[in-house]
Every structure is written in structure tokens, then in C-alpha cells.
Amino acid sequence: MNSLIYGRPPAVFDPPMSAQQTSPLIPGSMALEDVAPASVDEITLYAPPGAIERRYVLALALRALKAGGKLDVMAPKDKGGSRLGKELKGFGLEFAETAKAHHRRAIITRPETVEGLDEAIAAGAPRLVAGLDAWSQPGVFAWDRIDNGTALLADALPALKGNGIDLGCGYGALATVVLRSAAVKSLKLVDLDRRAVDAAKKNVTDERVSFDWADVRLLEGEGTLDFVVSNPPFHDGGIEDKRLGQKFIRKSAELLKKGGVAWIVANRHLPYENDLNEVFKRVNMVADQNGFKIFEAVK
């Protein structure tokens, strides 16, 4: 194996087009966790913003590289880049660091030994989260808590029935509530993050459930489902983008049959009402509290 890449670096950094993708946020990618130690010549890494997650990914990449292999790592200055040099020095590495296009970049030749790999990998690995009683992992949305929006939606949900889907399922917190209804025949859990889907598989073991590591925006809208539940994302690469939630809303309508219902939670400041009214026959805001709105939308 010669070359791997993690994430999607900006084109200004000339990322290698032929490298094997390893990001858990790109469906179909191989897992960097599964790469054999000292088996790779070159890795390009677009470092994630979370400190624990970033050190974990750096450690996985350094473990996968052969001695003398090249690590080319970069991150936006305001999303971990300003700390990148210090973190690399923590592994005992020598490197050249540069600044370009509001990013910090470091190029490292892997030495024979690297300090602290096992500790960084253990800190960022999947685990049963104390107090949550669920499997999760740093980097997954709201990985060590129940998100306030999800909690509010869970409290508002009636007993659902028929066949449904959880769009952006995370580690499965909302699905466990949906499945309390014996009238639910099936529930598909979908998320863009492989780590979330892997955690959900451990947390939600009901035989009515199936899982899909996929981009919700690219799902086939077959118009056959009875219900949708969703806490749509509204950040893309750490930048707020209301279009994500808008696309989740439209995909929800595509997936539902006539008379089907979507239960959606959104941050109060996000203007989703027009999108809901365009694609649903009836829209009811059933809650507006703690900075969130809950919508019941019937197709």
C-alpha cells in the first residue's frame, strides 16, 4: 500500500488523486484503524477539528506509516491548525511547518520510534461512555451526551407505527425511543459518519433495525415510508450551512408515502418553515423551547 488520504484537503494543497480514502465521513472509505502498522509509504491527512479526535487520527496515521514514510498533515488555523505543531511535537517528531490559505501544514518523515501512539489511540477509540450507557467515540456528533435537540424530540414523539427511518442517527439515541412502540415494523438508521453507525449497531440491537452508512442527501426517495425522525445537521466542515437541514427536509418528504409523517427538530434560529411548507401538506410546530423547535410534518 503506497498512499492514503484522510478527508478532503483544499485543492491548493494538491492532494494526491490516486490515494486511498480513509475518512469515516466519506461512505465507502477504508478504515484507517484497519491499516496494518508500518505498511504505508505516504499519508495525506486533513486533520479533524476536535483535539482528542485529531490526536487519535494522527496516531493512527503514524502507526500505519513505514519508518521513513511521509506524513503531510494540514488543518485550518481556527480549527486545530494553530495547535498542530505542539501536538506533533508531543509525539516527539521533527518537521517543517508552514502557513498557507489560512491553514497550518506540517510535513514529517516518520522516525523509527514515535512517542505516545498507544495513549492517543486509546483516548480516541470507541468506548462505552460512563453515565450514558451507550457506545460512542470522540468525533461523533454529541459523542458523550444526549444532544438537547434530540432529547426534546424524543420527549415530543408519539408512539409511531409502520416502517420508518432515522436520518442522521448518530450513535442511536433517538432510535431507542422510536423502538419503544411495538407498532413500529422496521427502522433504518442512516448516518454519514461510519463511527456513528458502528456505535449504533452496538447500542440498538432490535431485530427490526437495519443500518446504512450513507449520505442522506443521496438516498433514493422511494415514497414508501410511514415516518421519518431526524435531528438534521447544520454544519459542514465546521461551518454553519442551513442548506444541509433544508436538504434533509426535502429528502424526508421524498422518502414518505402520502399521509406519512416527519418529526424534525431544528435550532430555533434556522428558517426551515418555508421549506417544510413547500413539500408537506400540513406542518405543525409542536414545541419551541430551550433554543429548539419541533415540527410534525404530514405529506
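Everything below is about the structure printed above this text.
What you see is a predicted model, and the numbers here were worked out from it, not measured in a lab.

A. How the structure looks around the overall build of the protein chain. The helix and strand inventory of the protein chain stands at 8 helices and 17 strands. For 299 residues, the compact-globule estimate of 2.2 N^0.38 gives 19 Å, and the protein chain sits close to it at 21 Å. With respect to the principal axes defined by its C-alpha atoms, the protein chain has extents near 60 × 40 × 35 Å. For the protein chain, with 299 residues in total, the buried portion stands at 52%. Taking as baseline every contact in the protein chain between residues at least 6 positions apart, the subset at least 24 positions apart corresponds to 63%. Accessible surface, the protein chain: about 14,200 Å² in total, of which carbon and sulfur atoms supply 49%. Charged side chains of the protein chain number 39 positive and 39 negative; the gap between the two group centres comes to 3 Å.

B. Focus on the environment of Glu115. Here Glu115 lies in the loop between strand E6 (103-109) and helix H3 (117-124). Given a relative accessible area of 51%, Glu115 falls into the exposed group. For the pair Glu115 and Asn148, spaced 33 residues apart in the sequence, the C-alpha separation amounts to 38 Å. Ignoring anything within four residues of it in the chain, the contact list for Glu115 reads Gly90, Phe91 and Gly92.

C. Inspection of the side chain of Arg110 at higher detail. Mapped onto the elements, Arg110 comes out in the loop between E6 and H3. This buried residue, Arg110, is left without a salt bridge; Glu112 holds the nearest opposite charge, at 6.1 Å. A polar side-chain atom of Arg110 sits 3.4 Å from the main-chain carbonyl oxygen of Leu65. Aside from chain neighbours lying at most four places away, what touches Arg110 is Leu62, Arg63, Leu65, Lys66, Ala67, Gly68, Gly69 and Leu117.

D. Highlighting the side chain of Asp166. Here Asp166 lies in strand E9 (residues 162-167). No salt bridge is formed by the buried Asp166; its nearest oppositely charged neighbour, Arg180, is found at 13 Å. Residues in contact with Asp166, not counting those within four places in the same chain, are Leu174, Ala175, Leu187, Lys188, Leu189, Val190 and Val229.

E. Inspection of the environment of Leu160 at higher detail. Mapped onto the fold, Leu160 is located in the loop between helix H4 (148-156) and E9. Sequence separation of Leu160 and Val228 is 68 residues, and the distance between their C-alpha atoms is 9.7 Å. Among residues more than four places away in sequence, those in contact with Leu160 are Val178, Ser181, Ala183, Val184, Phe227, Val229 and Trp263.

F. The arrangement of the packing of aromatic side chains in detail. Evaluation of the coordinates by the stated rule reveals 0 aromatic pairs. Here the guanidinium or amino end of Lys202 rests over the ring plane of Trp135, the centre of that ring lying 3.9 Å away.

G. Expanded view of the sheet that holds strand E16 (residues 282-289). On the basis of which strands lie adjacent, the open sheet formed by 7 strands has the order E11-E10-E9-E12-E15-E17-E16 and mixed pairing. With one partner strand each, in any of the chains shown, strand E11 (209-213) and E16 form the two edges of the open sheet. Across this sheet, the average inter-strand angle for adjacent strands is 15°, counted without regard to direction. Its contacts with the sheet place H4 against strand E12 (225-230), strand E15 (256-267), E16 and strand E17 (292-298), and it is angled at close to 45° to E17. Lying on the sheet, helix H6 (residues 194-203) is in contact with strand E10 (184-191) and E11; it crosses E11 at an angle near 165°.

H. Geometry of the sheet that holds E6. What the 6 strands build is an open sheet, ordered E2-E1-E3-E4-E6-E5; its pairing is mixed. Each edge of the sheet is formed by a strand with only one pairing partner; in this case those strands are strand E2 (20-21) and strand E5 (95-100). By the bridge criterion, 2 bridges tie strand E1 (residues 3-6) to E2 in an arrangement that is parallel. Across the sheet, the residue bridging to Leu4 is Gln20, located in E2. Each of E1, strand E3 (40-46) and strand E4 (65-76) is contacted by helix H1 (residues 51-64), which is oriented at about 155° to E4, the strand it contacts most. Helix H2 (residues 81-90) contacts E4, E5 and E6 of the sheet and is inclined by roughly 155° relative to E4.

I. Main features of the nonpolar core. Leu45, Leu71, Val73 and Phe91 are the most contacted members of the largest nonpolar core, which totals 31 residues. Elements represented by at least two residues in this core include exactly E1, E3, H1, E4, H2, E6 and H3. At 8 residues, the largest contribution of residues to this core is made by H1. Apart from residues no more than four positions distant in its own chain, Phe91 is found in contact with Arg55, Leu58, Ala59, Leu62, Val114, Glu115, Gly116, Leu117 and Ala120. Counting 26 residues, the second largest nonpolar core, distinct from the first, contains Leu157, Leu174, Val177 and Phe227.

So, how was this worked out
Residues numbered from 1 in each chain as written. Predicted model: local features only at pLDDT ≥ 70, side-chain atom pairs only at ≥ 80, totals over all residues. Heavy atoms only, no water. Helix = DSSP H or I, 4+ residues; strand = E, 2+ residues; numbered from the N terminus. Rg over C-alpha atoms; globule rule 2.2 N^0.38 Å. Buried < 20%, exposed > 50% of the residue type's maximum accessible area, 1.4 Å probe, protein only. Contact = heavy atoms within 4.5 Å. Areas by Shrake-Rupley, 256 points an atom, 1.4 Å probe, with all protein chains shown as cover. Lys, Arg positive; Asp, Glu negative; His and termini not counted. Charge placed at Lys NZ, Arg CZ, Asp CG, Glu CD. Salt bridge = Lys/Arg side-chain N within 4 Å of Asp/Glu carboxyl O. Polar contact = N/O pair within 3.5 Å; in protein donor to acceptor, adjacent residues only side chain to side chain. Phe/Tyr/Trp six-rings, centres within 6.5 Å; stacked < 30°, edge-to-face > 60°. Lys NZ or Arg CZ within 6 Å of the ring centre and 35° of its normal. Pairing = 2+ DSSP bridges. Axes fitted to C-alpha atoms, helices over the stretch in contact; angles between N-to-C directions. Core = buried A, V, L, I, M, F, W, Y, C linked by side-chain atoms within 4.5 Å.

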